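Tertiary structure, described
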Amino acid sequence: MNTQNTAKKMLVVAMTAAAGLCQQPAPQVVAARAAGFAAVAATQNPLLELRLAGRETTRLELRGGTPGAPAQIVLGRQRDASPAGGSGFFDGFGCFSVEVNLAAYAGGTFVGQGFAVAPALDGSLQLFASNGLEVEVPAAAPAAPVADFSLLRIELDPRHGDAAVQNIRAGDFVGTLGVLLNSSGDTLLAKVQGKVMVLVPSTPVQVGGSVGYSAQISRDGDDYLVRIGAEVAALCGVKAAKGVGVEGGVSLGADQIHRFASPAEVARGLFGLALQQALPNVMRAASDENLAKVRQLRARVANLFAALEALRARRVCRLPALERALDAALGAARMAYLRARRVGDFFEGLASKLVAEAEFVRDHVDGTEVRIASTGEVSLEIGGKKLGDTIGAELGGKLSGGYQLTVRTFQGYCEEATRVELTASHAIAASFAAGVKLGDLTDGNSAALGRGIEVSMKVTRGVQQVWERRHGALEAAGTSIVIVRELGLPGFGRQTTFTFDALQLAGQGLSAVTAAIDRDAGATLGALAGIEVAVSVQDRRIAALEPEFGVENTGVTAMVGGEFSWADCGPERSTVWSLSQVVERLADVEARATEVAEFARQAVQLAQQN
C-alpha cells in the first residue's frame with residue numbers, strides 16, 4: 001500500500017512539476033466608460049466610439065469616422081489635465097488608433113477620448129467627440145518569483161454553465177454567447193466529419209480518406225473570432241488484429257477567420273455567413289455598385305411613366321373613342337406600375353439589407369489560416385461483452401504523432417501592419433480511456449454510443465516566424481520557439497505554454513558552447529541559466545457531445561461523426577522565468593507536498609462533479 005501511495009504521489013508530481021512554476025498575473029487593462037476630458041469643449045457624436053484594442057501592443061482605437069477625415073486621440077492622467085496624444089486621418093475603414101505606453105501609467109489611471117473634425121450643416125467645421133475611457137493600469141509585477149505553488153490552484157467556475165442554461169431557455173442567443181465566452185480561450189465548436197476506408201484485397205492494409213467541416217466561435221482577449229473551415233485527408237492504415245491498428249495520413253485544411261467586437265456582432269456576422277452559404281451568388285453580387293444600378297433602372301422606369309402621364313395630359317388626341325381607350329390603357333398601366341413599385345420597394349429594401357450584411361462580413365474578415373499536416377497513430381482497444389448482448393466495458397489506449405505547417409495571415413486594420421505567422425511544429429500525444437459503450441463498430445452494422453473517462457497528454461514543439469507587411473514589403477518581426485503541453489484529466493484539462501525568444505536562445509546557447517569548449521563550467525552554467533522562458537498556464541473544462549455512426553461490410557469501413565463542444569477556460573496566468581529559477585522551483589517540489597496534494601484533491605473533486 002505504501003508503495004502504491006508513493007507511486008501515485010510521484011505521478012502527480014511528474015504531471016505538475018513543469019506547470020508548478022509560480023507565476024504572477026500579467027498586466028491587465030480594465031476600461032470603464034467616462035465623460036472624457038472636461039477641458040475640451042466638443043459636441044458628442046454617438047457614431048464615434050473609442051475602445052481598447054491591440055494584439056501585441058495596447059492601442060486606443062477610434063472608430064466610426066469618415067475615411068480621410070482628420071482624427072485625434074488624446075489622453076492624460078486626469079480629466080481636467082492638459083491632454084496629449086496623437087493625430088492623423090481616418091483610414092479606409094473609418095478607423096484611427098494610437099499606441100499607449102502602459103509603463104508610463106503603471107499603478108495608476110489615465111483618461112482617453114477621440115475627436116474628429118467634420119463640416120456642420122451650415123458648412124462650418126465642427127469638433128466632434130467620442131465617449132471617454134477611464135483606464136486603470138495595474139502596477140507591474142515584481143521580477144523576483146514568489147515562493148509558492150500558486151499555479152497548482154485550479155481556476156475554474158464550477159457553476160458557470162447554470163447561467164448559460166437559463167439564457168438558452170429564455171431564447172437569448174446573444175446573452176448565451178456572452179456567458180459561454182466570458183473569458184479568453186473559451187470556445188464553441190461544431191464539426192461534422194465523414195471517413196471511408198477500403199481494405200486492399202489479400203492484405204491487412206486499408207486506404208481511404210476523410211473530409212470534415214467545422215464552425216468555431218472563440219474568445220480572443222476582448223474580441224471574438226469566428227472560424228469557418230474545411231479539411232480533407234488521405235489515409236492509410238493497417239489492421240494488425242482485432243482492436244489493434246496503425247493509421248497515418250496527410251491532411252490539408254483551411255479556415256476563413258472573422259473578428260468581432262461583441263456577442264451582438266457575432267450574431268449578426270453568423271447571419272451574414274449563413275446567407276453566404278445559402279445564397280452564394282446573390283451575396284457575391286451584393287454590392288453598392290449593383291444596388292446603384294438597380295436604383296438607376298427604377299428611376300428610368302419612373303421617368304418613362306411620368307412622360308406617358310404628361311403626354312396624356314396634353315390631350316394630343318381629339319377622338320372621344322380613342323381618348324377613352326388611351327385612358328383605360330393608362331389606368332391599367334398606372335395600376336400595374338404601382339403594384340410593381342411596391343414589389344420593387346420590397347426587393348430594393350431586401351437588396352439593401354443584403355448589401356449591408358455582405359459589407360459587414362467583409363469588413364470583419366480577420367484573415368485566413370492554411371494547414372498542411374502529416375499524422376500517424378497507433379491504437380489499442382480491449383472490449384468485452386460483460387453487461388449484456390449490446391453493452392460492453394472497454395479499455396483503450398492511443399499513441400499519435402505528427403508534423404504540421406501552419407500559415408496564418410492577419411488582415412490589417414487601422415494603422416496595424418498586416419501580419420503573417422508561419423509555424424512549423426511536431427506533436428506527440430498519448431491517451432488512455434475506459435468506459436461503457438452501447439453497440440460495436442467492429443463486429444457489425446450498429447451505432448456506438450458511450451460514456452467514459454480519459455487521461456491524455458500532448459506535447460507540441462514548434463518554431464514560429466512572424467512577418468509584418470509595411471509599405472508593401474514584408475519585414476521579419478521575430479522568431480520564437482514554443483512548447484505547449486496539454487494535460488487532460490477527468491473533469492478538467494490544463495494547457496501550459498513555454499515560449500523562448502529564438503535570438504536570445506541562440507545567443508545564450510552559443511555562449512554556453514564557447515564556454516564549454518574553453519572548459520569553463522561556471523561560464524557554461526551561467527550562460528544557460530540566463531535563458532528566459534515565458535510561461536503561461538490556463539485551466540479548462542470541456543463539455544462535449546460526439547455522436548458517431550459506422551458500418552463495416554466486406555472490407556469497406558464507413559464512419560460519420562460529429563463533435564459539439566464547449567471549452568470553458570479559466571484565467572491565463574503567466575510570467576517570465578530564467579532557467580536558473582526553473583531549476584530552483586523543480587528542485588523544491590518535495591518541499592511543496594501540501595500544494596501538490598491540494599492540486600490532486602481539486603482534480604478529484606472536479607471529476608466527481610462531472
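Residues numbered from 1 in each chain as written. Predicted model: local features only at pLDDT ≥ 70, side-chain atom pairs only at ≥ 80, totals over all residues. Heavy atoms only, no water.

A few points about the overall build of the protein chain
To be explicit about the condition: Helix and strand assignments come from DSSP, with helices taken as H or I runs of at least 4 residues and strands as E runs of at least 2, each series counted from the N terminus. Three exposure classes are used, based on accessible area relative to the maximum for each residue type with a 1.4 Å probe and protein chains only: buried under 20%, partly exposed in between, and exposed over 50%. Throughout, a residue-residue contact means that at least one pair of heavy atoms, one from each residue, lies within 4.5 Å. Throughout, the Shrake-Rupley method with a 1.4 Å probe supplies accessible areas, and for residues the shown protein chains are the sole cover considered.
The number of helices and strands found in the protein chain is 11 helices and 24 strands. For the protein chain, the residues scored as buried account for 35% of the 610 residues in total. Long-range pairs, those at least 24 residues apart, make up 68% of the contacts in the protein chain between residues at least 6 apart in sequence. For the protein chain, the exposed surface amounts to about 33800 Å²; the carbon and sulfur share of it is 61%.

Quick notes on the pairing of strand β23 (residues 556-569)
Stated precisely, the cut-off is as follows: We call two strands paired when DSSP finds no fewer than two bridges between them.
Examined bridge by bridge, strand β10 (residues 187-199) and β23 share 12 bridges and lie antiparallel to one another. Pairing of A190 across the sheet is with F564, part of β23. With 6 bridges connecting them, strand β21 (residues 532-545) and β23 associate as antiparallel partners. Paired with A543 across the two strands is W566, which belongs to β23. Hairpin connection, strand β22 (residues 548-553) to β23: the antiparallel pair is bridged by 2 residues, and T554 has positive phi, about 50 degrees.

Describing the nonpolar core
Our working definition: Nonpolar cores were defined as sets of buried Ala, Val, Leu, Ile, Met, Phe, Trp, Tyr and Cys residues, with membership established by side-chain atoms within 4.5 Å.
L60, I73, F90 and F110 are the most contacted members of the largest nonpolar core, which totals 20 residues. Residue assignment for this core shows that the elements contributing at least two residues are β3 (49-53), β4 (59-63), β5 (70-76), β7 (95-99), β8 (108-119) and β9 (125-137). For this core, the element with the highest residue contribution is β9, accounting for 4 residues. Beyond its immediate chain neighbours, meaning those up to four positions away, F90 contacts L48, L62, G65, T66, P67, G68, A69, P70, A71, C95, F96 and A116.

What to know about the side chain of D568
Relative to the helices and strands, D568 resides in strand β23. D568 sits in the buried class, given a relative accessible area of 4%. If we skip the residues at most four places from it in the chain, D568 touches L156, D157, H160, N182, D186, D539, R540 and R541.

With respect to the packing of helix α8 (residues 502-517) against helix α9 (residues 521-529)
Rules: Axis lines are fitted through C-alpha atoms, for helices just across the contact stretch, and the angle between N-to-C directions can take any value from 0 to 180 degrees. Roughly parallel covers angles under 35 degrees, roughly antiparallel covers those over 145, roughly perpendicular covers 65 to 115, and oblique covers all other angles. Basically, the charged four are Asp, Glu, Lys and Arg, the nonpolar ten are Ala, Val, Leu, Ile, Met, Phe, Trp, Tyr, Cys and Pro, and anything else, Gly included, counts as polar.
Where α8 meets α9, the closest approach of the two axes is 8 Å, and the angle between their N-to-C directions is 170 degrees. Taken as axis vectors, α8 and α9 run roughly antiparallel relative to one another. Along the contact surface, α8 presents Q508, S511, A512, A515 and A516, while α9 presents A523, T524, A527 and L528. Here the residues of the contact of α8 with α9 are counted per class, giving 6 nonpolar, 3 polar and no charged.

Overview of the pattern of salt bridges
Stated formally: Here a salt bridge means any side-chain nitrogen of Lys or Arg lying within 4 Å of a carboxyl oxygen belonging to Asp or Glu.
Inspection of the entire model under this criterion finds 17 salt bridges. Two residues, D223 and R259, come together in a salt bridge whose shortest N-O distance is 3.3 Å. With D223 in strand β12 (residues 223-241) and R259 in strand β13 (residues 244-260), this residue pair connects regions lying 36 residues apart in the sequence. Owing to a relative accessible area of 11%, R259 belongs among the buried residues under this scheme.

Notes on helix α2 (residues 160-169)
Condition: In this description, the arc belongs to the directions extending from the helix axis to the C-beta atoms.
All buried positions along α2 are accounted for by H160, A164 and N167. Looking straight down α2, one finds that the buried residues subtend no more than 60 degrees of arc, so they occupy a single side. Those residues of α2 that are exposed and angled more than 90 degrees off the buried face are Q166 and R169. Taken together, the buried residues of α2 touch α3 (173-180) and β23.

Re α8
In plain terms, the rule: A helix's residues, less one, multiplied by 1.5 Å, set its expected span.
Here α8 spans 22 Å end to end across 16 residues, near enough to the 22 Å set by a 1.5 Å rise per residue. Three or more residues of α8 are buried, namely A502, A512 and A515. Down the axis of α8, the sector holding all buried residues measures 155 degrees, keeping them to one side. When the buried face of α8 is taken as reference, the exposed residues oriented beyond 90 degrees from it are L503, L510 and I517. Looking one or two places after α8, you find R519, whose phi comes out positive at around 60 degrees.

Considerations on the packing of aromatic side chains
Remark: the centre distance and the inter-plane angle together describe each pair of aromatic rings, the angle taken between the planes. For clarity, the threshold we go by: Pairing of aromatic side chains here covers Phe, Tyr and the six-membered ring of Trp, requires ring centres within 6.5 Å, and sorts the geometry by plane angle: under 30 degrees stacked, over 60 edge-to-face, intermediate tilted. Placement of a positive charge over a ring is assigned whenever Lys NZ or Arg CZ falls within 6 Å of the ring centre and within 35 degrees of the normal to the ring plane.
All told, the structure shown has 2 aromatic pairs when counted by the stated rule. Ring plane angle 40 degrees and centroid distance 4.7 Å describe the contact between Y105 and F110, whose orientation is recorded as tilted. Judged by relative accessible area, Y105 falls into the buried class, the value being 13%. Between R408 and the ring centre of F410, over which it is positioned, the NZ or CZ distance is 3.9 Å. Over the ring of F410 we find R419, and its NZ or CZ is 5.5 Å from the ring centre.

What to know about the sheet that holds β3
The sheet built from 3 strands is open, its strands ordered β3-β4-β7 with antiparallel pairing. The sheet is open, and its two edges are formed by β3 and β7, each paired on a single side. For this sheet, the mean inter-axis angle between neighbouring strands, taken without regard to orientation, is 25 degrees. Across 5 bridges, β4 lies against β7 in antiparallel orientation. Pairing of R59 across the sheet is with E99, part of β7.

Description of a nonpolar patch on the surface
Note the threshold: Patch membership needs two things, relative accessible area over 30% and no salt bridge, and members are linked within 9 Å if like-charged or within 5 Å if nonpolar (Val, Leu, Ile, Met, Phe, Trp, Tyr).
Together, V211, Y213, V232, V250, L252, V370, I372, Y403, L405 and V407 make up a nonpolar patch on the protein surface, roughly 850 Å² of accessible area in all. At the level of elements, β11 (205-220), β13, β14 (365-384) and β15 (391-410) are the ones that each hand at least two residues to the nonpolar patch. Looking at the element boundaries, V370 is found in strand β14.

Here's the deal with the environment of S214
Its location among the elements puts S214 in strand β11. Overall, S214 belongs to the partly exposed group, its relative accessible area being 23%. A C-alpha to C-alpha distance of 6.2 Å links S214 and A230, two positions 16 residues apart in sequence. Excluding anything up to four places from it in sequence, S214 contacts L189, A190, K191, R227, I228 and G229.

Focus: the packing of α3 against helix α4 (residues 263-278)
We apply this condition: In this scheme the crossing of two helices becomes right-handed for a clockwise turn of the near helix relative to the far one and left-handed for an anticlockwise turn of less than a right angle.
For the pair α3 and α4, interaxial distance at closest approach is 8 Å and the crossing angle is 120 degrees. Taken as axis vectors, α3 and α4 run oblique relative to one another. When you trace α3 past α4, the crossing you get is right-handed. The residues of α4 that touch α3, namely those facing F173, V174, L177 and G178, are P263, A264, V266, A267 and L270. Here the contact of α3 with α4 is composed, by residue class, of 8 nonpolar, 1 polar and no charged.

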